[in-house]
Amino acid sequence: MHATPAVRALVFDIFGTVVDWRSSLIREGQALGQRLGLAADWPAFADAWRAGYRPAMARVSRGELPWINIDGLHRLILDELLPRFGLESLPETERDALNRAWHRLDPWPDAVPGLTQLRQRFVLSTLSNGNVALLVNMAKRAGLPWDCVLSAELIGRYKPDLEVYRRAAQLLGFAPEQVLMVAAHPSDLMAAQQAGLKTAYIPRPAEHGPGGWMESTAGCRFDWQAPDLPALAQHLA
């Protein structure tokens, strides 16, 4: 029998796992509204914008749309949403600035301390559907201590396509079983598991707001589970 290779690298889902997209988008919307004198239901706006994310990626995966990175998909969704919230008069410059709110998402309070602990022992990388520029700008603003920024954009496919996970391990120079996928979304982890990666589940019950929806873990088995990233660092110590 051969010993299972030790985990050498951790790759992270970003939206919802490392950063609090919902509170950040609400903050950005409220600031925009105050500056321009616009009234909107910003929590509902944030939820609707995020809700368009998976359907838009699915359209790319089915070939209904050409390859478009997440900045482009976010903009398509945004332009469809604005009339629904009475914001159709928003000028182009403001639309572009609002779309880049996804570059300015705030991390969960445990994210930077936890990542800093984990980085002492492991290679840390993003593995997100977010595009490279978005992830780099987010990391610079939030102080996220990545060793590497990997994106589905580099592979030309979106998670949960198994090739995204396999190529991430290859790009980092490790066997899939030496790479640990960290995410708050069981479907992401199950796809990573199918691709041969180890998995760590970090539930984020506040992702969709207080009492909000959480993806079911029924039938899922993870290699590790922890309430936050510092706790994961302790588990892996």
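Up top is the structure.
Numbering of residues starts from 1 in every chain and runs along the sequence as written. Only residues with pLDDT of at least 70 get local features here, since the model is predicted, and only at 80 or more are side-chain atom pairs given and counted; chain-wide, interface and lining totals rely on the full set of residues. Excluded from the side-chain calculations are hydrogens and water; all other atoms, namely the structure's heavy atoms, are used.

### Comments concerning the overall build of the chain
For step 1, the next point in the chain: Numbering of helices and strands runs from the N terminus; a helix is a DSSP stretch of H or I covering at least four residues, while a strand is a stretch of E covering at least two. Helix and strand content of the chain: 10 helices and 6 strands.
For step 2, the next point in the chain: Atoms counted for the radius of gyration: C-alpha only. Globule rule: 2.2 Å times the number of residues to the power 0.38. The C-alpha atoms of the chain give a radius of gyration of 18 Å, which matches the 18 Å a tight globule of 237 residues would have.
For step 3, the next point in the chain: Projected onto its principal axes, the C-alpha positions of the chain cover 65 × 40 × 35 Å.
For step 4, the next point in the chain: Looking at the 237 residues of the chain, the share that counts as buried comes to 51%.
For step 5, the next point in the chain: Of the contacts made within the chain by residues no fewer than 6 positions apart, 67% connect residues no fewer than 24 positions apart.
For step 6, the next point in the chain: All accessible areas in this document rest on Shrake-Rupley with a 1.4 Å probe, and a residue is counted as covered only by the protein chains that are shown. Taken as a whole, the chain presents about 10800 Å² of accessible surface, with 52% of it coming from carbon and sulfur.
For step 7, the next point in the chain: His is not counted, nor are the chain ends; Lys and Arg add positive charge and Asp and Glu add negative charge. For the purpose of locating charges, the reference atoms are NZ of Lys, CZ of Arg, CG of Asp and CD of Glu. Separation of charge centres in the chain, based on 24 positive and 25 negative side chains, amounts to 4 Å. Under the scheme applied here, a residue whose accessible area is under 20% of the maximum for its type counts as buried, over 50% as exposed, and between as partly exposed, the area being computed with a 1.4 Å probe on protein chains only. Any two residues whose heavy atoms approach within 4.5 Å are treated as being in contact.

### Examining empty space enclosed by the protein
For step 1, the next point in the chain: Using only the protein atoms, space was sampled on a 1 Å grid; points where a 1.4 Å probe fits but cannot get out form cavities, open sets with protein on both sides within 12 Å along at least five of seven lines form pockets, and lining residues are those with an atom within 4 Å of a point. Grid points are joined across faces, edges and corners, and a volume is the space filled by probe spheres set on the points. In total, this model carries 1 cavity of 30 Å³ or more according to the counting rule given.
For step 2, the next point in the chain: As a volume, the largest cavity reaches approximately 60 Å³.
For step 3, the next point in the chain: In terms of lining, the largest cavity is formed by Ala184, His185, Arg204, Glu207, His208, Trp213, Met214 and Glu215.
For step 4, the next point in the chain: Side-chain classes are defined by residue name, with Ala, Val, Leu, Ile, Met, Phe, Trp, Tyr, Cys and Pro counting as nonpolar, Asp, Glu, Lys and Arg as charged, and the others, Gly among them, as polar. Along the lines of polarity and charge, the residues of the lining of the largest cavity split into 3 nonpolar, 2 polar and 3 charged.

### Digging into the nonpolar core
For step 1, the next point in the chain: We call a set of buried residues a nonpolar core when its members are Ala, Val, Leu, Ile, Met, Phe, Trp, Tyr or Cys and they connect through side-chain atoms within 4.5 Å of each other. Ranked by internal contacts, the top residues of the largest apolar core, which has 81 residues, are Leu10, Phe12, Phe45 and Leu232.
For step 2, the next point in the chain: Aside from chain neighbours lying at most four places away, what touches Leu232 is Leu10, Leu118, Val182, Ala200, Ile202, Trp224 and Ala226.

Keep in mind these numbers describe shape, not what the thing actually does.
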